[in-house]
Number of protein chains: 2
Amino acid sequence: MTTPKRRLPVMADVAREAGVSHQTVSRVLNDHPNVRADTRARVEEAITRLGYRRNLVARALVTKRSRTLGVVSFDTTLYGPASTIYGIEQAARTAGYFVSIVSLKSIDSDNVRDALGYLTEQGVDGVVVVAPQRSAWRALENLPSGMPAVAVEGMHNACVPVVCIDQVEGARLATRHLLDQGHETVWHVTGPADWLETEGRITGWRAVLEEAGRPVPEPLAGDWSPRAGYEAGKSLAAMKGVTAIFTANDQMALGVLRALSEKGVRVPDDISVVGFDDIPESEFFSPPLTTVRQDFAAVGRQCIEVLLRQIDTGPATAERLVVPPGFVVRSSTAPAR
Amino acid sequence: MTTPKRRLPVMADVAREAGVSHQTVSRVLNDHPNVRADTRARVEEAITRLGYRRNLVARALVTKRSRTLGVVSFDTTLYGPASTIYGIEQAARTAGYFVSIVSLKSIDSDNVRDALGYLTEQGVDGVVVVAPQRSAWRALENLPSGMPAVAVEGMHNACVPVVCIDQVEGARLATRHLLDQGHETVWHVTGPADWLETEGRITGWRAVLEEAGRPVPEPLAGDWSPRAGYEAGKSLAAMKGVTAIFTANDQMALGVLRALSEKGVRVPDDISVVGFDDIPESEFFSPPLTTVRQDFAAVGRQCIEVLLRQIDTGPATAERLVVPPGFVVRSSTAPAR
DNA sequence: CCGCAAGATGTGCTCGGTCATATGCCCCTC
DNA sequence: GAGGGGCATATGACCGAGCACATCTTGCGG
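First things first, this report covers the structure right here in the doc. (Residues numbered from 1 in each chain as written. Chains lettered and ligands numbered in written order. Predicted model: local features only at pLDDT ≥ 70, side-chain atom pairs only at ≥ 80, totals over all residues. Heavy atoms only, no water.)

**What to know about the interface of chain B and chain A**
Inference 1: Contact with chain B, which involves 47 residues of that partner, is made by 47 residues of chain A.
Inference 2: The contact between chain B and chain A buries some 4,600 Å² in all, and 61% of this surface belongs to carbon and sulfur atoms.
Inference 3: Sorting the residues of chain B by area buried against chain A places B:Tyr86, B:Glu121 and B:Phe284 first, and these three jointly supply 16% of that buried surface.
Inference 4: Where chain B packs against chain A, one counts four salt bridges.
Inference 5: Its salt-bridge partner being A:Glu283, residue B:Arg227 comes within 2.3 Å of it at the nearest N-O pair.
Inference 6: Viewed at the interface, chain A and chain B are joined by 21 residue pairs in polar contact (both at pLDDT 80 or more).
Inference 7: Listed by contribution, the elements that provide at least two residues to the side of chain B that touches chain A are helix H4 (56-63), helix H5 (79-94), strand S2 (98-104), helix H6 (109-121), helix H10 (226-238) and helix H11 (250-262) of chain B.
Inference 8: A total of seven residues in the side of chain B that touches chain A trace back to one element, the largest contributor, which is S2(B).
Inference 9: Tallied by class, residues from the side of chain B that touches chain A come to 23 nonpolar, 13 polar and 11 charged. (Contact = heavy atoms within 4.5 Å. Buried area = accessible area lost by both parts, 1.4 Å probe. Salt bridge = Lys/Arg side-chain N within 4 Å of Asp/Glu carboxyl O. Polar contact = N/O pair within 3.5 Å; in protein donor to acceptor, adjacent residues only side chain to side chain. Helix = DSSP H or I, 4+ residues; strand = E, 2+ residues; numbered from the N terminus. Nonpolar A, V, L, I, M, F, W, Y, C, P; charged D, E, K, R; others polar.)

**Description of the sheet that holds strand S8 (residues 272-277) of chain A**
All names here are of chain A.
Inference 1: Strand order across the open sheet formed by five strands is S6-S7-S8-S9-S11, with mixed pairing between neighbours. The sheet terminates laterally at strand S6 (187-189) and strand S11 (326-328), the two strands that pair on one side only. Going across the sheet, the axis of each strand differs from the next one's by a mean of 20 degrees, ignoring polarity.
Inference 2: Inspection of the sheet shows strand S9 (residues 290-293) paired to S11 by three bridges, in the antiparallel sense. By the bridge assignment for S11, valine 292 is matched with phenylalanine 327. (Pairing = 2+ DSSP bridges. Axes fitted to C-alpha atoms, helices over the stretch in contact; angles between N-to-C directions.)

**Considerations on the packing of helix H8 (residues 167-180) of chain A against helix H9 (residues 196-211) of chain A**
Residue and element names in this part refer to chain A.
Inference 1: Running from N to C, H8 and H9 cross one another at 40 degrees; their axes reach a closest spacing of 7 Å. Judged on the interaxial angle alone, H9 and H8 are oblique. Here H8 runs over H9; the crossing is right-handed. Between H8 and H9, the residues in contact are Gln167, Val168, Ala171, Arg172, Thr175, Arg176 and Leu179 and Glu197, Gly200, Arg201, Thr203, Gly204, Trp205, Ala207, Val208, Leu209 and Glu211, respectively.
Inference 2: Class assignment for the residues of the contact of H8 with H9 results in seven nonpolar, five polar and five charged. (Parallel < 35°, antiparallel > 145°, perpendicular 65-115°, else oblique. Left-handed = near helix turned anticlockwise from the far one by under 90°.)

**Overview of the nonpolar core**
Inference 1: Counting residues in each nonpolar core, the largest one holds 110 residues, and the members touching the most others are A:Ile245, A:Val273, B:Ile245 and B:Val273.
Inference 2: If sequence neighbours within four positions are ignored, B:Ile245 has contacts with B:Leu178, B:Val186, B:Trp187, B:Val189, B:Leu236, B:Val256, B:Leu260, B:Ile271, B:Ser272, B:Val273 and B:Val274.
Inference 3: Formed by 49 residues, the second largest nonpolar core is a distinct cluster that contains A:Ala92, A:Val152, A:Val163 and B:Ile85. (Core = buried A, V, L, I, M, F, W, Y, C linked by side-chain atoms within 4.5 Å. Buried < 20%, exposed > 50% of the residue type's maximum accessible area, 1.4 Å probe, protein only.)

**Some details on the sheet that holds strand S8 (residues 272-277) of chain B**
Residues and elements named next belong to chain B.
Inference 1: Read from one edge of the open sheet, five strands run S6-S7-S8-S9-S11, paired in mixed fashion. For this open sheet the edge positions go to strand S6 (187-189) and strand S11 (326-328), each flanked by a neighbour on one side alone. Across the sheet, the mean angle separating the axes of adjacent strands is 20 degrees when strand polarity is ignored.
Inference 2: Note: strand S7 (residues 244-247) against S8, three bridges, orientation parallel. The residue of S8 that forms the bridge with isoleucine 245 is valine 273.

**Section: helix H4 (residues 56-63) of chain A**
Residue and element names in this part refer to chain A.
Inference 1: All buried positions along H4 are accounted for by Leu56, Val57 and Ala60. Each buried residue of H4 sits inside an arc of 100 degrees when the element is viewed along its axis, so together they form one side.
Inference 2: Taking the backbone nitrogen of valine 57 as reference, a side-chain oxygen 2.8 Å away marks asparagine 55 as the first, capping residue of H4.
Inference 3: Taken from the residues just after H4, lysine 64 is the one with a positive phi, measuring 60 degrees. (Arc of directions from axis to C-beta.)

**Some thoughts on the side chain of A:Glu197**
Residues and elements named next belong to chain A.
Inference 1: With respect to the helices and strands, glutamate 197 occurs in helix H9.
Inference 2: Although glutamate 197 is buried, it makes no salt bridge; arginine 201 carries the closest opposite charge, 4.6 Å away.
Inference 3: Those residues in contact with glutamate 197 that lie beyond four places of it in its chain are Pro132, Glu153, Gln167 and Trp224. (Lys, Arg positive; Asp, Glu negative; His and termini not counted.)

**Some words on the protein's contact with DNA strand C**
Inference 1: Around DNA strand C, the surrounding shell holds 28 residues, and the nearest of these are A:Ser26, B:Ser21, B:Thr24, B:Arg27 and B:Thr39.
Inference 2: Backbone sugar and phosphate groups make up 59% of those atoms of DNA strand C lying within 4 Å of the protein.
Inference 3: Note that a phosphate oxygen of DNA strand C is positioned 2.7 Å from one of the side-chain N or O atoms of A:Ser26.
Inference 4: In this structure, B:Arg27 approaches DNA strand C through a side-chain N or O atom, which is 2.7 Å from a base oxygen.
Inference 5: Sorting the residues of the surface near DNA strand C by element identifies helix H2 (22-29) and H4 of chain A together with helix H2 (22-29) and H4 of chain B as the ones contributing at least two each.
Inference 6: Among the elements that line the surface near DNA strand C, the one with the most residues is H4(A), at five residues.
Inference 7: Classifying every residue of the surface near DNA strand C gives 11 nonpolar, 12 polar and five charged. (Near = heavy atom within 4 Å.)

**A short note on the pairing of strand S1 (residues 68-74) of chain A**
Across a regular strand the side chains alternate sides, sitting on one face of the sheet and then on the other.
All names here are of chain A.
Inference 1: Most of S1 sits out of view: seven of its seven residues are buried.
Inference 2: Residue alternation in S1 divides its side chains into two sets, Thr68, Gly70, Val72 and Phe74 and Leu69, Val71 and Ser73, and both sets are buried.
Inference 3: Bridge count for S1 against strand S2 (residues 98-104) is seven bridges, and the pairing is parallel. Note that in S2 the partner of leucine 69 across the bridge is valine 99.
Inference 4: Note that the unit made of S1, helix H5 (residues 79-94) and S2 has a crossover that is right-handed.
Inference 5: Pairing geometry for S1 and strand S3 (residues 126-130), over five bridges, is parallel. (Right-handed = clockwise from strand over helix to strand, strands pointing away.)

Read these as spatial facts, not as claims about activity.
Structure below.
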């Protein structure tokens with residue numbers, strides 16, 4: 001008959017087994033130098049014999065450090081957030097931290113506030129907020145004081161440090177590339193209103209057109225989905241004089257390509273298209289998509305770096321770390337005829 | 001001057017503020033019935049006045065329930081895992097649980113074992129393993145005993161309950177659809193070796209062909225990436241007599257479409273193509289992709305359901321919950337000429 | 001008007017670690 | 001050979017909640 005109540009072994013059990021005090025066990029576990037080699041060996045042997053695992057919950061209670069970071073994100077099935085979170089998780093784990101995720105279906109200030117509240121109760125050592133919406137942003141203003149935090153893609157007048165990819169520059173690269181190809185002007189399919197990326201990309205696009213003294217067409221409103229791109233593409237195909245389109249992300253660019261193809265418009269011969277993100281699929285669109293590359297993994301890593309610095313050395317200045325975008329030329333753009 | 005050491009308020013502070021004992025505060029927090037209404041009100045007021053938040057770490061220590069679930073997953077940037085995890089997270093949070101994620105770069109038994117170890121130390125109440133590889137599977141055999149667990153897409157002789165989408169049936173649907181269109185046989189581009197999905201899809205595909213007495217072509221090895229699909233597509237385009245291709249996922253199907261298009265092969269006129277997953281982009285491929293739909297969100301929900309049942313009512317029988325696949329006919333398939 | 005049960009509230013211990021401090025020991029130096 | 005310093009180890013308090021149980025109220029029936 002096996003022991004009926006198979007309670008997990010605790011430090012005291014190990015101590016008894018090794019014939020030492022629980023404090024010595026603790027020292028072994030935490031690599032304290034002042035433990036005699038043979039004692040250490042005896043303790044370690046007892047640990048493996050009993051299959052002991054330290055209880056991080058108890059440890060967290062007294063150290064007030066859970067070694068867990070919270071992540072609040074919007075729709076983690078989108079490529080951008082998913083990649084960023086992957087980067088965050090990898091970097092966090094390398095640094096010895098766990099990651100606890102809350103992904104919101106819909107973003108509003110209350111949701112974000114609630115999520116941050118849950119995470120606080122749970123005792124996370126810091127939070128990264130991947131919710132690049134204007135509305136989400138307001139919730140950051142009354143973070144539990146003293147809680148280290150970092151935001152992805154935040155606003156300038158930040159109360160917390162921000163890590164972001166230079167959206168404006170990315171949009172400039174895309175637009176300038178199209179103008180350089182000899183296009184008179186560039187149409188733009190935007191992301192959803194309220195998103196900071198949407199605003200940044202519009203800003204960069206508009207700036208380049210204005211600097212070049214070109215007409216600025218009315219942008220078409222999208223929502224990141226291929227369907228929105230498809231609808232926008234149908235409209236654009238029906239319009240006169242459209243020769244270049246800058247789409248705010250790759251998925252919508254796919255929709256645009258589809259719509260143009262259905263209307264018999266050839267890309268890039270009749271119309272050039274540029275996307276934003278460089279998702280793994282873009283290289284294999286028809287035609288392969290010229291696009292702005294975002295290094296999401298780098299963003300994730302930077303977030304953790306900034307966050308850990310805050311945790312270790314106190315509140316940081318509200319810095320702003322900008323990751324430069326890249327540009328990938330493929331076959332969806334060509335000189336204007 | 002503000003208080004220099006602004007320690008967070010604890011239950012004792014609230015108790016003092018409200019003129020009751022800490023136990024009464026605890027009762028209010030846990031919605032115990034036996035608290036007089038005015039006492040409750042006084043406590044609640046004290047709570048808001050002090051901005052008190054309960055410390056879940058301390059609570060977890062004594063209740064031995066962290067209300068956190070662990071998730072071990074492989075590459076969370078892939079659409080399938082990402083969607084599944086999203087479903088898991090939503091369902092978990094609805095049930096009042098947090099989700100702690102470990103996403104592995106590479107899968108092997110040791111990695112999974114380590115991840116499960118970390119999660120155990122952290123005191124999760126249960127784990128869901130989204131690592132549908134044969135090698136990962138072995139690590140589940142020596143789970144810390146008594147740890148509730150559930151696996152996504154596991155093997156039959158399971159030691160833990162499994163939630164999965166019927167891969168074999170999905171592949172059958174795809175293959176039968178193509179045979180019904182009058183194609184003599186169907187070529188197959190597989191997922192990476194070692195993945196259970198890969199095996200299931202091969203099994204279903206082969207079974208239908210054999211049942212119909214058709215020749216079974218040598219499958220082409222892929223790895224889920226569009227590039228692999230592209231390479232396979234180039235090979236297939238160069239082969240004689242290929243009229244129907246079943247690709248093990250949509251991303252590879254995209255690569256196949258690209259390769260065929262480059263070689264001047266028309267889809268679906270010359271060759272029909274079917275994918276697997278129904279990612280949001282598939283509808284807008286050129287042509288829109290006929291594919292097998294997987295309801296990842298449902299898988300996530302089921303996982304949590306099974307897991308919570310285990311947590312609440314003890315170890316479950318090693319059940320196996322199968323979510324049926326769907327089939328979406330679009331424009332990438334047509335009758336054989 | 002008392003007794004008793006149910007309701008309301010308080011007391012003290014516990015969970016499993018870490019921290020501060022005490023204690024015993026050995027060795028070295030003057 | 002006494003004193004002191006450093007090392008190895010032990011002891012007890014403590015983190016912030018919940019739980020079991022004790023105690024005090026209250027209401028109601030006889």
